[in-house]
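Remarks on the overall topology
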Amino acid sequence: MPTYVYRCATCDDDFELDRPMSQSSEPTACPSGHTKTMRKLTAFTSMSNNGTTPLKAAPSGGMPCGGSCACH
Ligand SMILES: [Zn+2]
């Protein structure tokens, strides 16, 4: 199941959520229960280039995967 990154407008913080791709655009609540969230775009396309092309830094300054995998 893919991991998606969401941002809570109330906490002004990011959180990750494992959910089916078909539900990736569905509204969700942050860990604190706020519903004012939006999904952040993640660089899943970078996974298909076999690592030969340097990854562009994510807008947040973190890794595209959110640091939850060994892609870096
Ligand atoms: Zn929140």
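Residues numbered from 1 in each chain as written. Predicted model: local features only at pLDDT ≥ 70, side-chain atom pairs only at ≥ 80, totals over all residues. Heavy atoms only, no water.

1. Looking at the pattern of salt bridges
Considering all chains together, one arrives at three salt bridges under this definition. One salt bridge in this structure joins Asp-12 and Arg-7, with 2.7 Å as the shortest N-O distance. Judged by its relative accessible area of 28%, Arg-7 falls in the partly exposed class. Taking the shortest distance from any N to any O, the salt bridge between Arg-7 and Asp-14 comes out at 3.0 Å. A residue is classified by how much of its surface remains accessible, and Asp-14, at 28% relative accessible area, is partly exposed. One salt-bridge network, in which partners are shared between bridges, spans Arg-7, Asp-12, Asp-14 and Lys-40. (Salt bridge = Lys/Arg side-chain N within 4 Å of Asp/Glu carboxyl O. Buried < 20%, exposed > 50% of the residue type's maximum accessible area, 1.4 Å probe, protein only.)

2. Side note on the coordination of the zinc ion
The protein atoms that coordinate the zinc ion are Cys-8 (SG), Cys-11 (SG), Cys-30 (SG) and His-34 (ND1), at distances spanning 2.0 to 2.3 Å. Mapped onto the sequence, the residues coordinating the zinc ion show the spacing C-x2-C-x18-C-x3-H. (Donors = N, O, S within 2.8 Å, 3.2 Å for Na, K, Ca; no water.)

3. Overview of the nonpolar core
Across soluble globular proteins, you tend to see nonpolar side chains buried next to one another. With five residues, the main nonpolar core is built from Tyr-4, Tyr-6, Cys-8, Phe-15 and Cys-30. Looking at which element gives the most residues to this core, the answer is strand S1 (residues 3-8), with three residues. (Core = buried A, V, L, I, M, F, W, Y, C linked by side-chain atoms within 4.5 Å. Helix = DSSP H or I, 4+ residues; strand = E, 2+ residues; numbered from the N terminus.)

Honestly, it's all geometry; don't read function into it.
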